[in-house]
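# Reading the structure
Okay, here's what each chain looks like letter by letter:
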Amino acid sequence: MKPFTCAVVGATGMVGKSFLQILEERKLPITELHLFASAKSAGTKIIYNGEPLTVKELSPSSFDNGIDIALFAVSNRLSKIYALIAAEKGCIVVDNSSAWRMNPMVPLVVPEVNSEDIKKHKGIIANPNCCAAPAVVALKPLHDAFGLKRAVISTYQSVSGAGVGGWNDLDATLKGEAHGHFPYPIANNLIPFIGTYGPDDGGYTGEELKLMAEVRKILHIPDLPVTATCVRVPVYVGHSLSINAELEKPFDIKLVRKLLANTPGIVLDDNPAQNRYPMPITAAGNDAVHIGRLRSDDSCNNGLNMFVACDNIRKGAATNAVQIVEHLLLSA
């Protein structure tokens with residue numbers, strides 16, 4: 001890989017810290033690393049590869065020193081401002097917000113699925129929603145082999161997907177204290193509502209609309225019939241998905257198992273007789289998309305049910321972005 005200078009923007013947040021952890025784990029050839037965050041976090045010391053680095057305040061001049069690649073983990077509002085500034089100064093931005101995902105000029109990438117789209121970038125590459133990433137990793141090999149006709153996706157999303165506020169809410173409500181982030185206590189509860197509500201969106205939440213649109217874009221199936229229901233669950237780390245896929249061609253379930261087991265990025269956990277199936281507790285801390293509970297759905301032609309789990313902070317966010325960087329370096 002070609003050595004490069006790197007920046008992490010939003011370095012003190014949950015995903016920003018995970019960026020740094022994964023960059024360190026994967027030993028990318030970084031010659032110079034810059035950490036940026038808000039004025040409130042400026043001056044914070046973060047250890048990277050055993051060395052303390054000082055977080056600097058993000059500003060329009062942050063990218064004046066020839067930074068090659070920047071990983072962004074900030075709000076949509078900040079991304080719309082600073083990703084453009086960085087790109088205009090020759091920096092390639094891999095952005096984790098939803099600000100750029102549906103922009104037709106910006107590739108939305110899951111490397112196991114559509115790495116060829118990376119080369120189409122014009123300075124900004126979008127990282128997908130934390131449930132869209134595992135969903136397309138699971139669906140792409142099925143689409144290639146049998147054709148994807150329709151998908152129904154139900155998600156069970158951990159509180160870390162809502163950031164530090166969500167994490168703190170689970171901490172507090174488990175102790176019987178008041179909730180502050182979610183509209184209801186999350187301990188011992190499920191909240192079938194994630195994101196904003198738009199009365200003109202047919203009752204879907206913003207999270208559900210993002211998931212459906214991103215699956216279509218990443219798979220290059222713009223007219224794919226797909227529907228989603230997103231649920232917040234009292235789990236710290238790890239998103240799970242129940243996926244019902246209707247395929248164009250008949251399939252043999254044994255061949256589907258073999259296909260998925262041999263697909264990069266997937267771990268097949270599918271032996272219910274021995275209590276092996278995907279769970280957030282086993283997916284947390286690793287970068288794989290775990291798939292199991294594979295079974296035919298006889299209520300429709302060529303229907304397939306599966307259950308999926310992944311670490312939403314790693315493969316659902318930070319690892320996927322770092323994998324994009326690796327592809328950029330290999331093609332440089």
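First things first, this report covers the structure right here in the doc. (Residues numbered from 1 in each chain as written. Predicted model: local features only at pLDDT ≥ 70, side-chain atom pairs only at ≥ 80, totals over all residues. Heavy atoms only, no water.)

### Details of helix 1 (residues 14-25)
Taking 1.5 Å as the rise per residue, helix 1 with 12 residues should run 16 Å; its terminal C-alpha atoms sit 17 Å apart, in good agreement. Regarding helix 1, the residues found buried are Val15, Gly16, Ser18, Phe19, Leu20, Ile22 and Leu23. Close packing links the buried residues of helix 1 with strand 1 (4-9), strand 2 (30-37), strand 3 (45-48), strand 6 (69-72) and helix 9 (314-331). Phi turns positive, to about 55°, at Lys27, one or two residues after helix 1. (Helix = DSSP H or I, 4+ residues; strand = E, 2+ residues; numbered from the N terminus. Expected span 1.5 Å × (residues − 1). Buried < 20%, exposed > 50% of the residue type's maximum accessible area, 1.4 Å probe, protein only. Contact = heavy atoms within 4.5 Å.)

### A short note on the layout of surface pockets
If you roll a probe as big as a water molecule over the atoms, it shows you where there is empty space left. Put simply, the largest pocket is a space of about 970 Å³. If you go around the largest pocket, you meet 39 residues; those closest to its centre are Asn96, Gly161, Ala162, Gly163 and Lys210. Counting residues per element, the ones that place at least two in the lining of the largest pocket are helix 1, helix 5 (163-174), helix 6 (206-219) and helix 9. A breakdown of the residues in the lining of the largest pocket according to their chemical character gives 16 nonpolar, 19 polar and 4 charged. (1 Å grid on protein atoms, 1.4 Å probe; cavity = no way out; pocket = protein on both sides within 12 Å on 5 of 7 lines; lining within 4 Å. Points joined across faces, edges and corners; volume = space filled by probe spheres on them. Nonpolar A, V, L, I, M, F, W, Y, C, P; charged D, E, K, R; others polar.)

### Some points on the sheet that holds strand 13 (residues 289-297)
The strands making up a sheet are joined through hydrogen bonds of the backbone, oriented either antiparallel or parallel. Ordered in space as 10-9-11-14-13-12, the 6 strands form an open sheet in which the pairing is mixed. Two strands lie at the open edges of the sheet, namely strand 10 (226-232) and strand 12 (266-268), each paired on one side alone. Each strand of the sheet is rotated relative to its neighbour by a mean of 25°, with strand direction disregarded. Strand contacts of helix 4 (residues 132-146): strand 9 (148-157), strand 11 (239-247), strand 12, strand 13 and strand 14 (303-310), with the helix running at about 20° to strand 11, the strand carrying the most contacts. (Pairing = 2+ DSSP bridges. Axes fitted to C-alpha atoms, helices over the stretch in contact; angles between N-to-C directions.)

### A word on the pattern of salt bridges
On inspection of all chains with the given rule, the structure shows 13 salt bridges. Between Lys89 and Asp64 there is a salt bridge whose closest N-O contact spans 2.4 Å. Highlighted residues: Lys89 in the loop between helix 2 (76-88) and strand 7 (92-95) and Asp64 in the loop between strand 5 (56-57) and strand 6, separated in sequence by 25 residues. Overall, Lys89 belongs to the partly exposed group, its relative accessible area being 39%. The partner of Glu246 in a salt bridge is Lys149, and the shortest N-O contact between them spans 3.8 Å. Linking Glu246 in strand 11 with Lys149 in strand 9, this pair joins segments that are 97 residues apart in sequence. Bridged by salt links that share partners, the residues Glu25, Arg26, Asp287, Arg314 and Glu326 form one connected network. (Salt bridge = Lys/Arg side-chain N within 4 Å of Asp/Glu carboxyl O.)

### Focus: the nonpolar core
In terms of nonpolar packing, the biggest core is built from 61 residues, with Phe63, Phe72, Leu139, Val215, Ile243, Ile291 and Met306 touching the most fellow members. At 9 residues, helix 4 tops the list of elements feeding residues into this core. Sequence-distant contacts of Leu139, defined by excluding residues within four places in its chain, comprise Leu148, Ala151, Val215, Leu219, Ile243, Ala245 and Met306. Counting residues in each nonpolar core, the second largest holds 32 residues, with Ile69, Ile92, Ala321 and Leu329 among its members. (Core = buried A, V, L, I, M, F, W, Y, C linked by side-chain atoms within 4.5 Å.)

### Looking at the sheet that holds strand 6
Pairing within the open sheet is parallel, and its 6 strands lie in the order 5-2-1-6-7-8. With one partner strand each, in any of the chains shown, strand 5 and strand 8 (124-126) form the two edges of the open sheet. Lying on the sheet, helix 1 is in contact with strand 1, strand 2 and strand 6; it crosses strand 1 at an angle near 150°.

### Brief notes about the environment of Asn286
Within the secondary structure, Asn286 is located in the loop between helix 8 (280-283) and strand 13. For Asn286, a relative accessible area of 23% gives the class partly exposed. Between the C-alpha atom of Asn286 and that of Cys310, which follows or precedes it by 24 residues, the distance is 7.9 Å. Residues in contact with Asn286, not counting those within four places in the same chain, are Asp311 and Arg314. At 3.2 Å, the side chain of Asn286 forms a polar contact with the backbone nitrogen of Ala288. Side-chain polar atoms of Asn286 contact the side chain of His290, separated by 2.9 Å. (Polar contact = N/O pair within 3.5 Å; in protein donor to acceptor, adjacent residues only side chain to side chain.)

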